[in-house]
Amino acid sequence: MVFTRRPAAVLTAIVAACAMAISLTACTTDANSQDTADDQTTVTSSAPGVVAMFTPSDGITLNQQTPLNKWAKLTPNLTKALTSAGFKKGDISHTTSDSLDKQSRAIQDYVVNHLSGSNTTDDAGIVISPDNITLLVAPVVEADASTRQYGDYVSQELSTADTAEGSDSTDLSDSSNSSDSSDSSTGSDSTDDSSSDASKTAGDSKNAAQAEAVDRLVSSLKLAKESGMHVVLMGNSIKGYKPDAFARFSDAQAIGKLQAEKIVSKLELSKASKDNPKYIEVLMPYTAVDESGEASDSTFVQEAFRGIWQVLGAYYQKGVVESPSGTLNGNSTEDDWQSVAYDASKEGSTAKVLDARLAKADEHASPTRIDGIIAMNDYIASEVVTELDDLGYTGSAADINPQITISGIVGNITGKKDLSRSDVPDPIKSPEKDDSADSTDSADTQDDSTATDKTDKTKDSQWPLVTGYGAYVSNIPSIVNGKQWMTGIEDRQTLAENIAEACALLNKGQTLTSMSSVRNTEVGGKKKVPTISGPLLAVSASNLKVTLIDPGYISLADAGL
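Residues numbered from 1 in each chain as written. Predicted model: local features only at pLDDT ≥ 70, side-chain atom pairs only at ≥ 80, totals over all residues. Heavy atoms only, no water.

### A word on helix H3 (residues 100–116)
Structurally, the α-helix is built with 3.6 residues per turn, so residues lying three or four positions apart point the same way.
In step 1: Helix length check: H3 (17 residues) gives 24 Å between terminal C-alpha atoms against 24 Å at 1.5 Å per residue, within 8%.
In step 2: Leu100, Gln103, Ser104, Ile107, Tyr110, Val111 and His114 are the residues of H3 that are buried. Buried residues of H3, viewed axially, fall in a sector of 125°; they line one side.
In step 3: After H3 finishes, the residue Gly117 shows a positive phi value of roughly 90°. (Helix = DSSP H or I, 4+ residues; strand = E, 2+ residues; numbered from the N terminus. Expected span 1.5 Å × (residues − 1). Buried < 20%, exposed > 50% of the residue type's maximum accessible area, 1.4 Å probe, protein only. Arc of directions from axis to C-beta.)

### Digging into the packing of aromatic side chains
In step 1: In the structure shown here, the tally under the stated rule is eight aromatic pairs.
In step 2: Between the aromatic rings of Phe54 and Tyr110, the centroid separation amounts to 5.8 Å while the plane-to-plane angle is 80°, which identifies the pairing as edge-to-face. Of the two residues, Phe54 sits in strand E3 (residues 50–56) while Tyr110 sits in helix H3, which places them 56 residues apart along the sequence.
In step 3: Overall, Phe54 belongs to the buried group, its relative accessible area being 2%.
In step 4: When its relative accessible area of 13% is taken as the criterion, Tyr110 is described as buried.
In step 5: With a centroid separation of 5.3 Å and an interplanar angle of 25°, the aromatic rings of Trp309 and Tyr316 are classed as stacked.
In step 6: Each member of the aromatic cluster is reached from another via a ring pair, and the members are Trp71, Tyr153 and Phe249.
In step 7: Here Lys318 stacks its cationic end above the ring of Tyr315, 5.7 Å away from the centre of that ring.
In step 8: The aromatic ring of Trp463 is capped on one face by Lys483, whose charged end is 4.0 Å from the ring centroid. (Phe/Tyr/Trp six-rings, centres within 6.5 Å; stacked < 30°, edge-to-face > 60°. Lys NZ or Arg CZ within 6 Å of the ring centre and 35° of its normal.)

### Quick word on the nonpolar core
Note that soluble globular proteins tend to have their nonpolar side chains buried in a common cluster.
In step 1: Core analysis: the largest hydrophobic core is formed by 39 residues, its most contacted members being Leu269, Ile280, Met284, Ile308, Leu312, Ile374 and Met376.
In step 2: Ranked by residue count, the leading element in this core is helix H8 (residues 299–318), at ten residues.
In step 3: Apart from the residues lying within four places of it in its own chain, the contact partners of Leu312 are Ala260, Val264, Leu269, Ile280 and Ile374.
In step 4: By size, the runner-up hydrophobic cluster in this structure holds 30 residues, among which are Leu78, Val232, Ala247 and Ala496. (Core = buried A, V, L, I, M, F, W, Y, C linked by side-chain atoms within 4.5 Å. Contact = heavy atoms within 4.5 Å.)

### Topic: the packing of helix H7 (residues 252–266) against H8
In step 1: Put simply, H7 and H8 touch, their axes get as near as 7 Å, and they point 30° apart. In terms of their interaxial angle, H7 and H8 are classed as roughly parallel. Considering the relative orientation of H7 and H8, their crossing is right-handed. Only Phe300, Glu303, Ala304, Arg306, Gly307, Ile308, Gln310, Val311, Leu312 and Tyr315 of H8 make contact with H7, whose side of the interface consists of Ala252, Gln253, Gly256, Lys257, Ala260, Glu261 and Val264.
In step 2: Split into classes, the residues belonging to the contact of H7 with H8 amount to nine nonpolar, four polar and four charged. (Axes fitted to C-alpha atoms, helices over the stretch in contact; angles between N-to-C directions. Parallel < 35°, antiparallel > 145°, perpendicular 65-115°, else oblique. Left-handed = near helix turned anticlockwise from the far one by under 90°. Nonpolar A, V, L, I, M, F, W, Y, C, P; charged D, E, K, R; others polar.)

Structural data, given as structure tokens:
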């Protein structure tokens, strides 16, 4: 009996344990699961869910002449912000692609795999429903050499042949026909028919592949949304496609406007007069012809100039700002971008353009007076700095605020002292236009004239304000020493935090109306798209430590310190 009772007791204990486990499982299922249409149970956790990032891959960089605004720099900020928002590291994935074709395939595979159930659990084995998944997508968009100089985050629009929110697919045949027509109308005449046919065939093939990639991307994103997933586009929009949210980092107009506004503030143009105007040159670099020999899209340079002119136009019209070269004047409009645009793809083009615009009256004359040069990006700014030095300009931007010395700037950056500022004395009338000395005696007048002449020459050769954009690491020492006055950059950390917050809200089924950084805008031709945005950061020697060094964007060594 002893041996008979023992197995019975063990069996009884096992049955009781199983019953308890089943009871606990039932309780857990009731609290943390939802029944699906096919009687399957999807278990969710208290975590915000899953985020899958898809970004373009950065090109190979052989030197430091690249902007800080790169995708490889942003993704660590995004990952950190997402984990701070409650996402588990194992629930955050990141895929990079060097072409739209590869990116569209990666997104398609991700969506299909998750919907088919082959990859629907998080790192804890908990099943994730589609409405707890957000796709963060920065579409791969081809950019010419000039546009790439501003960084990866400049918003562009991915063109589609016939993409619309209500259509399921893109008509590739129409796209191909459209491309054929475009190629035949814009291509140059050739006497070699076989060469022309080969070129046309290659162009047709590239256009067809691009159209197919766009169609695949849009179809995948639509499928994701229809299944309950959320789609947030970053940087680049897609014509005709409406995402759940759009993260706008910067655009051409904002970049141009930023530099113009800082020039206006620093030169105190509100106090300038016709009798003593400020002299400003605007450089608009762009790529005139693409790699295939066809005319490049000039939309970016047009929008950038529009942003500049919205700020500076009124000052030119009042006559308080002049262009030494005469390229811009009071009769210019925001459509006159071609007056200041030049093909920057040619070797030494910036130096040639600047040399022509600041040409001396004769070889013995002092340098042409110039107070400010809008160079648009740091690559062009570095060429401007070199050419100004060759033309005989001396000093630095620090001279425009005499109490800020180079040693004071360095001390401020390294945390040793604060900068003190004072306004620059600048007469309402320029010396050559001031007649107040007519009543003085001839000896005093002669002495004053000599002194004035020296002052004029010093003023003429004074180093101007040079603006740029991109925060190139190679340019930071020039900002510290005042040769380049300012640059610009997106506030990556704040943008990453806002995007992470949006992902958490979307995965919880909530709207983004509670976010102060979000407002409805038109994106890709679609209205009322919740758009995440923030102001661009203007960086100069006076705030370099706060904007770039303290957040960890650059090191003291990068600043040449």
